[in-house]
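Single-letter residue listing:
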Amino acid sequence: VFDMDNTILRSGFIHTAAEAFGFKKELWQIVAEQPNPVVRTKQIARLLHGKTFGEIIEVVKSIPIVADFGEIVAELKQKGFITGIISDSYTCVTNHLKNRFGLDFTFANELEFSRSVATGQVKIPSYFFKGSDSHCGHDFCKTNALSYLAETYHVSFENIIAIGDGENDICMIRKSGIGIAFCTKNQILENCADIVLNKPYFRPLLKLV
């Protein structure tokens, strides 16, 4: 399981979009003032109102990708691994990467489009929300999506490798059989991870499998 922003992509999609579309100030205001992740997700989606699907994909294409990502995905799949993305970004972005690199799944928020134009609305899938069998205390967490993934593909947590860089990856990385911190600036994540990769390459993953 790969995180996307600042992991597969060398920078975050929404921050790159803010530069491209001119809403940096509005984005930082939301990030600074809105602690609720669900409300924050909905407020940020409104900033993309009126942007076309094509414009959004052009932003994605402008972001550098870890150089060996495609090669590593191909080798993992050859070894029988199911590969994919869990992200708090948007499926229009994650699915672009899924199609490009032959990933098996992506779990992310669903940005709404009408005639290929973003409406500013977003659907947060139920698999991100806390349930009776949740493994952490967060109401909204990637670990809940990880549980959904394990159930969908009949894979135990012990057989999941998760890799990410940020605070919102901590629970997922702690719960996975092998949790990897990737080029992180978050000390808590680094301390929780089984393995820390400080260089932007995924090649060391193959030593684990």
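A word on the overall build of the chain
Looking only at helices and strands, the chain features ten helices and six strands. Relative to the globule expectation of 17 Å for 209 residues, the C-alpha radius of gyration of the chain, 16 Å, shows essentially globular dimensions. Overall size of the chain, expressed as C-alpha extent along the three principal axes, is 45 × 35 × 30 Å. Sequence separation of at least 24 residues holds for 53% of the intrachain contacts in the chain that already meet a minimum separation of 6. Carbon and sulfur atoms make up 48% of the accessible area of the chain, which totals about 10500 Å².

Points about the nonpolar core
Ranked by internal contacts, the top residues of the largest apolar core, which has 43 residues, are F13, F69, Y90 and F202. Once residues within four sequence positions are removed from consideration, F202 is found in contact with F2, T7, I8, V66, D68, F69, I72, I163 and F182. Core analysis: the second largest hydrophobic core is formed by 21 residues, F105, A150, I170 and A181 among them.

Observations regarding the sheet that holds strand 6 (residues 195–197)
Judged by pairing direction, the sheet is parallel, and its three strands sit side by side in the order 4-5-6 without closing on themselves. Each edge of the sheet is formed by a strand with only one pairing partner; in this case those strands are strand 4 (161–164) and strand 6. Put simply, the sheet's adjacent strands are angled 20° from each other on average, direction ignored. The pairing of strand 5 (residues 178–182) with strand 6 spans three bridges and is parallel. When the bridges of strand 6 are listed, F182 appears paired with L197.

A word on the side chain of S89
Along the chain, the position of S89 falls in strand 1 (residues 84–90). With a relative accessible area of 6%, S89 lands in the buried category.

A word on the pairing of strand 2 (residues 105–114)
Summarising the sheet, strand 1 and strand 2 pair through four bridges and their orientation is parallel. Bridging from a neighbouring strand, Y90 pairs with N109 of strand 2. Where the polypeptide runs from strand 1 across helix 7 (residues 91–101) and back to strand 2, its parallel neighbour, the crossover connection is right-handed. As judged from the four bridges shared by strand 2 and strand 3 (residues 117–123), these two strands associate in the antiparallel manner. Of the residues in strand 3, the one forming a bridge with F113 is A118. Hairpin remark: strand 2 followed by strand 3, antiparallel, with two residues in the connecting loop; positive phi at R115, about 55°.

Focus: the packing of helix 3 (residues 24–33) against helix 4 (residues 37–46)
Put simply, helix 3 and helix 4 touch, their axes get as near as 10 Å, and they point 175° apart. As far as their axial angle goes, helix 4 and helix 3 are roughly antiparallel. Note on element contacts: helix 4 touches helix 3 through R40, Q43 and I44, opposite L27, I30 and V31. When the residues that make up the contact of helix 3 with helix 4 are grouped by side-chain class, the tally is four nonpolar, one polar and one charged.

Some points on the sheet that holds strand 1
What the three strands build is an open sheet, ordered 1-2-3; its pairing is mixed. On the outer flanks of this sheet lie strand 1 and strand 3, each paired with one strand and no other. Across the sheet, the mean angle from the axis of one strand to that of its neighbour is 40°, orientation sign disregarded. Along the sheet face, helix 7 touches strand 1 and strand 2 and points at about 130° away from the line of strand 2.

As for unusual backbone geometry
Positive phi, normally seen in glycine, also occurs at R115, with a value near 55°. Take R115: it is sitting in the loop between strand 2 and strand 3. Assessed through its relative accessible area of 82%, R115 is described here as exposed.

Calculation criteria
Residues numbered from 1 in each chain as written. Predicted model: local features only at pLDDT ≥ 70, side-chain atom pairs only at ≥ 80, totals over all residues. Heavy atoms only, no water. Helix = DSSP H or I, 4+ residues; strand = E, 2+ residues; numbered from the N terminus. Rg over C-alpha atoms; globule rule 2.2 N^0.38 Å. Contact = heavy atoms within 4.5 Å. Areas by Shrake-Rupley, 256 points an atom, 1.4 Å probe, with all protein chains shown as cover. Core = buried A, V, L, I, M, F, W, Y, C linked by side-chain atoms within 4.5 Å. Buried < 20%, exposed > 50% of the residue type's maximum accessible area, 1.4 Å probe, protein only. Pairing = 2+ DSSP bridges. Axes fitted to C-alpha atoms, helices over the stretch in contact; angles between N-to-C directions. Right-handed = clockwise from strand over helix to strand, strands pointing away. Parallel < 35°, antiparallel > 145°, perpendicular 65-115°, else oblique. Nonpolar A, V, L, I, M, F, W, Y, C, P; charged D, E, K, R; others polar.

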